[in-house]
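A look at the structure
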Amino acid sequence: MEKIKLARILTLSQVVILGIAWNNPAVFFNTYGIATVTSHGVITGAYILAFLAIFSTALSYAEMAKAYPIAGSAYTFAQKSMHPGVGFIVGWTIMLDYMLTPLVTALMSTIYLSVVLPGIPHFIWIILWTASIVIPSILGINISALMSKIFVITQIVFVSLFCILSIKSLLGGVGAGTLISSKPLFSPDVPIPVVLSGAAILCFSFLGFDSLTTLSEETVDPKKTIPRAIIIMLLIVGFLYITSSYLSQLVLPGFSFKHADSASLEIAAIIGGNFFKALFIAVMLMGNFTSGIAATTSASRVLFAMGRDSVLPKNVFGYVHPKFKTPSRAITVIALFSMIGIVLTLEQVIKFINFGALMAFTSVNLSVIAHYFIRNCKRSTLEDFVKYLCLPLTGASLTFWLWTNLETSALIIGGVWMVCGFVYLIYLTKLSNKKLSEIQFDQKATP
């Protein structure tokens, strides 16, 4: 039987661009109001905490991508390094993350589209937006990469313009009237758990590095390319987010807004007037579009990996379109799933996404320890201890700590989802007397 394969065509620059597109350089503006309210104005401090936790985890993703350069991300890493059952639960958990992320771009876009055309019902925007990102995702990874490159460059230019206008406004006496302040970073009146709650939400802003590992089977020389792309992408978006959050908090101090979902529009109007506000909306829609395509691409690859293993229906999720070489049926399922955006809010969805993401991050850190430190005995030198035990253990601790600071509603919904996964796992392995299969691939895992 012929092995199901994806086309291996992506270069380092294309992978970095797709990761940045998934992250969306302008996503900061979409979550700014919600995160600022949650962190009581200490949003830059929350961003720095989130970045530190994510960066340590990104190093673990880079190590595991060298060992297993195949689609599936955290699902594959946990499956191969620990146990197929653990891998299944991790995969099931990140399905909550990946399946909801394309929906987030639709919800973010409806906020801005409703400002421009308030008479059109919310559900119409959800349907139209979902259709617009599904078609390029099915047509091929090269099309997604090309569109992402054009729009990502546009977004980076816009974020740079935003920072320049913010600095100009601050020097002109707007807001804090200064470029130097510790308030966005730290406040003695704001407890650390409050800042951590903000950081837990902001983890969503960095999830693109995880998506890069799902492209391993479509990347040229993935053992070198994917780890490099992860670090490059994360440093770029980390700088953009931290700088933008610092300046925004100085332009509009405090954490009280007319509408938290669209708080960034208030800042856009302050620093650039109505013209910049209109430009702001256009760039946000552009960014959400490319992020939606990249998120759909990544989500479909995780579902494809699980479908190929037959832990999800293989004829649906393990199917690759013969012409476009994309998991078209998995993409269609994601589109249908996105329709729940008709009844959910942006804040609810982001919190549910972070439940799955933070659990996946914790598992990948533990996978490094299991694969390198325990199974392959990489512990003969001090460097080995630091690289394969201390750093991943730190990453696991930080991400699990952030996970515990999610709101109760997110923990409950996420917990119910995990229980459903355990029930389904019992059905697969016990009731149907079926052994969980593992992905087999040509390249030998790197010890």
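About the criteria used
- Residues numbered from 1 in each chain as written.
- Predicted model: local features only at pLDDT ≥ 70, side-chain atom pairs only at ≥ 80, totals over all residues.
- Heavy atoms only, no water.
- UniProt positions renumbered as here; feature names shortened; annotations may be inferred.
- Helix = DSSP H or I, 4+ residues; strand = E, 2+ residues; numbered from the N terminus.
- Buried < 20%, exposed > 50% of the residue type's maximum accessible area, 1.4 Å probe, protein only.
- Axes fitted to C-alpha atoms, helices over the stretch in contact; angles between N-to-C directions.
- Parallel < 35°, antiparallel > 145°, perpendicular 65-115°, else oblique.
- Left-handed = near helix turned anticlockwise from the far one by under 90°.
- Contact = heavy atoms within 4.5 Å.
- Nonpolar A, V, L, I, M, F, W, Y, C, P; charged D, E, K, R; others polar.
- Core = buried A, V, L, I, M, F, W, Y, C linked by side-chain atoms within 4.5 Å.
- Phe/Tyr/Trp six-rings, centres within 6.5 Å; stacked < 30°, edge-to-face > 60°.
- Salt bridge = Lys/Arg side-chain N within 4 Å of Asp/Glu carboxyl O.
- pLDDT = per-residue confidence, 0-100.

Naming follows an unreviewed UniProt entry, where the protein chain appears as Amino acid permease of Siminovitchia terrae. Its UniProt record gives the protein chain the following Subcellular location (unreviewed entry) comment, quoted word for word: "Membrane".

1. With respect to the environment of S409
Among the secondary structure elements, S409 is positioned in helix α16 (residues 408-431). Residue class for S409 comes out partly exposed when judged on its relative accessible area of 40%. Separated by 57 residues in the primary sequence, S409 and F352 place their C-alpha atoms 8.5 Å from one another.

2. Overview of unusual backbone geometry
Its identity is not glycine, yet D221 carries a phi of approximately 50°, on the positive side. Within the element layout of this structure, D221 appears in the loop between α9 (208-212) and α10 (222-251). We classify D221 as partly exposed; its relative accessible area is 39%. Of note in this structure, C377 is not a glycine but carries a positive phi near 55°.

3. Section: the packing of helix α1 (residues 12-23) against α10
Between α1 and α10, the shortest axis-to-axis distance is 9 Å and the interhelical angle comes to 40°. By the angle between their axes, α1 is oblique relative to α10. In this structure, α1 meets α10 at a crossing whose hand is right-handed. For the pair formed by α1 and α10, the contact residues are L12, V15, V16, G19, I20 and N23 on the first element and T225, I226, R228, A229, I232, M233, I236, V237 and Y241 on the second. Looking at the contact of α1 with α10 residue by residue, the class counts come to 11 nonpolar, 3 polar and 1 charged.

4. Quick notes on the nonpolar core
Membership of the largest hydrophobic core comes to 140 residues, with the highest contact counts inside it found for F29, Y61, F206, F209 and L234. The leading source of residues in this core is helix α11 (residues 263-308), at 20 residues. The contact partners of F29, leaving out residues within four places of it in the chain, are Y112, F158, V159, F162, S264, F280 and M284.

5. Quick word on the packing of aromatic side chains
Aromatic ring pairs: the centre-centre distance and the angle between the two ring planes describe each pair. Applying the stated criterion across every chain, the model contains 26 aromatic pairs. On the numbers, 5.7 Å between centres and 50° between planes, the contact of F88 with Y424 is tilted. Of the two residues, F88 is situated in helix α5 (residues 84-116) and Y424 in helix α16; the sequence distance between them amounts to 336 residues. Judged by its relative accessible area of 0%, F88 falls in the buried class. Y424 sits in the partly exposed class, given a relative accessible area of 23%. Note on W92 and W417: the rings are 4.8 Å apart at their centroids and 20° apart in plane angle, and the pair reads as stacked. Here W92, found in helix α5, pairs with W417, found in helix α16; they are 325 residues apart in sequence, far enough to count as distant. Take W92: its relative accessible area is 11%, and that puts it in the buried class.

6. Description of the pattern of salt bridges
Overall, the coordinates contain 2 salt bridges when judged by the stated rule. E63 serves as the salt-bridge partner of K66, at 3.7 Å between the closest nitrogen and oxygen. Placement of both K66 and E63 in helix α3 (residues 43-67) is noted, with a separation of 3 residues, approximately one turn of the helix. With a shortest N-O distance of 3.7 Å, K387 and E63 are connected by a salt bridge. In this pair, K387 sits in helix α15 (residues 382-404) while E63 sits in helix α3, placing the two residues 324 residues apart along the sequence. The exposure class of K387 is partly exposed, given its relative accessible area of 30%.

7. Concerning the confidence of the model for the protein chain
Predicted confidence across the protein chain gives a mean pLDDT of 84, with 93% of residues reaching 70 or more. Across residues 439-447, confidence stays below pLDDT 50; counting only partners more than four residues off in sequence or on other chains, it has 35 contacts.

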